[in-house]
Amino acid sequence: MSRLLPSLAIATAGALALTACGGSSTASDPKSTHITVTLASSGDCVYSTTSAPAGPITFDVSNTGATGLSEFEVMSGERIIGERENVVPGLPGGTFTLTLDGGSYTLYCPGANTEQTTLTVTGTAAAKSTGTTADLLAQGASEYQAYVQTQVDGMVTAVGRLHAAVESGNLAAAQRAYAEARPFYEKIESDVEGFLLPGTAAGDNKGNLDYLIDMRASNLDPAVGWTGFHAVERDLFQAKKITKQTVTYATDLDTNVQKLAAVAKTLTFKPEDLANGAAGLLEEVQTGKVSGEEEAFSHIDLVDLAANVEGAQQAFEALKPGLAKINPTLSAQIDQRFGRVVALLDGLRSKTAVG
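The sections below set out a description of the structure shown in this document.

Before going further, it helps to spend a moment on the overall build of the chain. Secondary structure summary: the chain contains 9 helices and 9 strands in total. Expressed as a percentage of its 355 residues, the buried residues of the chain come to 48%. Of the accessible surface of the chain, which amounts to about 15,500 Å², a share of 52% is contributed by carbon and sulfur atoms.

Okay, structure coming up:
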């Protein structure tokens with residue numbers, strides 16, 4: 001992997017840089033087809049049906065006792081077009097609706113006995129992408145914006161759960177909640193870096209949300225002190241105890257994530273933003289994540305690494321129709337290399353809970 005990631009980063013950055021030169025989910029529709037998705041104690045993801053007519057399809061996701069399963073995705077090719085994360089036993093699941101054209105899609109339950117199941121949608125097949133390269137890239141940027149918002153919403157929920165676990169004093173639950181919350185930020189960190197609270201001057205870390213949420217001991221600003229994910233991580237995994245200070249860290253993290261969510265609602269993206277962001281995520285992987293510097297106490301760096309790769313891949317998938325027109329050979333090469341990295345990561349997955 002250490003040999004493959006740099007070449008993937010270089011190839012991706014090169015192709016996506018060309019963009020600078022040159023169906024998302026909807027509200028639930030009562031008329032839509034409903035598919036229930038049950039994360040079962042047997043370790044299976046059970047579906048009420050695996051076929052549906054083209055049009056709005058609502059996925060109702062719940063967990064009836066699967067302690068090792070917490071996530072469900074719908075994919076078109078390698079692209080995530082809808083998902084529900086942190087679906088745990090004893091808490092409400094959730095729903096989301098996608099408008100799907102005829103064709104085959106993948107229902108994906110990471111960690112399940114059978115992880116991937118084909119969903120067959122019948123009806124008028126999706127029209128092939130048409131329009132100018134600029135149109136296709138702009139459409140991809142718009143759709144990626146919906147992906148980012150999904151991750152932000154998931155992060156708010158997951159960090160709220162971490163906060164509650166810390167406040168309860170349950171160390172094991174807090175450790176699990178920490179690991180479940182981290183991927184949301186890592187998938188989109190290149191999109192939200194440098195966000196400043198209103199009235200904050202550039203360079204003032206007291207109002208830099210990325211700094212407040214994701215600072216590490218290695219980049220600590222003495223004028224700000226320590227807070228955020230990694231301050232919580234230190235207490236949970238190094239000290240292995242929850243103190244009043246840990247509760248303060250978790251409270252501040254929850255507050256700052258909610259502030260970030262409010263700012264994120266104003267986000268818009270240009271194609272070159274996706275290009276730069278994807279390259280940035282891959283550079284983060286090859287220079288930081290593989291060295292273990294990110295998760296110095298929990299040692300779940302592979303969780304972060306996989307999330308970085310997914311975020312970069314989703315940016316690439318959003319731009320791929322346009323990139324294929326710019327340079328189809330290089331676009332195909334990037335697609336192949338993403339596949340190789342994902343396969344390597346899949347081989348390193350563990351069903352054992354953190355903690």
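Let us look at unusual backbone geometry. If you check the backbone angles, Lys240 has positive phi at about 55° while not being a glycine. Summarising the element assignment, Lys240 is placed in the loop between helix H5 (229-239) and helix H6 (244-264). Positive phi outside glycine occurs at His299, with the angle close to 60°. Topologically, His299 is positioned in the loop between helix H7 (271-287) and helix H8 (301-326). A relative accessible area of 59% places His299 in the exposed class.

This part covers the pattern of salt bridges. Applying the stated criterion to the full structure yields 12 salt bridges. The shortest N-O distance in the salt bridge between Arg182 and Glu294 comes to 2.9 Å. Here Arg182 is found in helix H3 (residues 171-192), whereas its partner Glu294 is found in the loop between H7 and H8, with 112 residues between them in sequence. The same class applies to Arg182 and to Glu294, which are both buried.

Disulfide: a covalent bond formed between the sulfur atoms of two cysteine residues. Applying the stated criterion to the full structure yields 1 disulfide. Disulfide pairing places Cys45 opposite Cys109 at an S-S distance of 1.9 Å. One quick way to see it: the torsion about the S-S bond of Cys45 and Cys109 is about -100°, and its sign makes the bridge left-handed. One end of the pair, Cys45, is in strand E2 (residues 45-47); the other, Cys109, is in the loop between strand E8 (103-108) and strand E9 (116-122), with 64 residues separating them in the sequence.

If you look at the biggest cluster of nonpolar residues, it comprises 64 residues, and the most contacted ones within it are Tyr144, Val148, Leu162, Phe229, Leu260 and Leu274. Among the elements that line this core, the one with the most residues is helix H2 (residues 133-168), at 12 residues.

Before going further, it helps to examine the sheet that holds E2. Spatially, E2-E1-E4-E7 is the arrangement adopted by the 4 strands of the open sheet, whose pairing is mixed. Only two strands of the sheet have a single partner each, and these edge strands are E2 and strand E7 (94-100). Strand-to-strand twist across the sheet, computed as the mean angle between neighbouring axes with direction ignored, equals 25°. With 7 bridges connecting them, strand E4 (residues 55-63) and E7 associate as antiparallel partners. The partner of Phe59 across the bridge, within E7, is Phe96.

What the 5 strands build is an open sheet, ordered E3-E9-E8-E5-E6; its pairing is mixed. Each edge of the open sheet is held by one strand with a lone partner, namely strand E3 (51-53) and strand E6 (79-84). The sheet shows a mean angle of 25° between the axes of neighbouring strands, direction not considered. With 3 bridges connecting them, E3 and E9 associate as parallel partners. Pairing of Ser51 across the sheet is with Thr120, part of E9. Where H8 meets the sheet, it contacts strand E5 (72-76) and E6, and its direction lies at approximately 125° from that of E6.

The next subject is the packing of aromatic side chains. The final tally for this structure, using the stated rule, is 9 aromatic pairs. Through pairs of rings, three or more aromatic residues link up here, namely Tyr178, Tyr185, Phe229 and Phe237.

A separate point is the environment of Val342. Within the secondary structure layout, Val342 lies in helix H9 (residues 328-346). Between the C-alpha atom of Val342 and that of Val309, which follows or precedes it by 33 residues, the distance is 8.0 Å.

The next thing to look at is the packing of H2 against H6. Here H2 crosses H6 at 165°, and the two axes come no closer than 9 Å. Accordingly, the angle class assigned to the pair H2 and H6 is roughly antiparallel. Crossing hand, H2 versus H6: left-handed. Residue-level contacts link Gln149, Val152, Met155, Val156, Val159, Gly160, Leu162, His163, Val166 and Glu167 of H2 to Thr246, Val247, Ala250, Thr251, Leu253, Asp254, Val257, Leu260, Ala261 and Ala264 of H6. By residue class, the composition of the contact of H2 with H6 is 13 nonpolar, 5 polar and 2 charged.

With respect to the helices and strands, the residue Ala165 is situated in helix H2. A relative accessible area of 8% means that Ala165 is categorised as buried. The spatial distance from the C-alpha of Ala165 to the C-alpha of Ile242 is 10.0 Å, given a sequence separation of 77 residues. Once residues within four sequence positions are removed from consideration, Ala165 is found in contact with Asn170, Ala173, Ala174 and Ile242.

Conventions we followed
- Residues numbered from 1 in each chain as written.
- Predicted model: local features only at pLDDT ≥ 70, side-chain atom pairs only at ≥ 80, totals over all residues.
- Heavy atoms only, no water.
- Helix = DSSP H or I, 4+ residues; strand = E, 2+ residues; numbered from the N terminus.
- Buried < 20%, exposed > 50% of the residue type's maximum accessible area, 1.4 Å probe, protein only.
- Areas by Shrake-Rupley, 256 points an atom, 1.4 Å probe, with all protein chains shown as cover.
- Salt bridge = Lys/Arg side-chain N within 4 Å of Asp/Glu carboxyl O.
- Disulfide = S-S within 2.5 Å.
- Core = buried A, V, L, I, M, F, W, Y, C linked by side-chain atoms within 4.5 Å.
- Pairing = 2+ DSSP bridges.
- Axes fitted to C-alpha atoms, helices over the stretch in contact; angles between N-to-C directions.
- Contact = heavy atoms within 4.5 Å.
- Phe/Tyr/Trp six-rings, centres within 6.5 Å; stacked < 30°, edge-to-face > 60°.
- Parallel < 35°, antiparallel > 145°, perpendicular 65-115°, else oblique.
- Left-handed = near helix turned anticlockwise from the far one by under 90°.
- Nonpolar A, V, L, I, M, F, W, Y, C, P; charged D, E, K, R; others polar.

Structural measurements only, silent on function.
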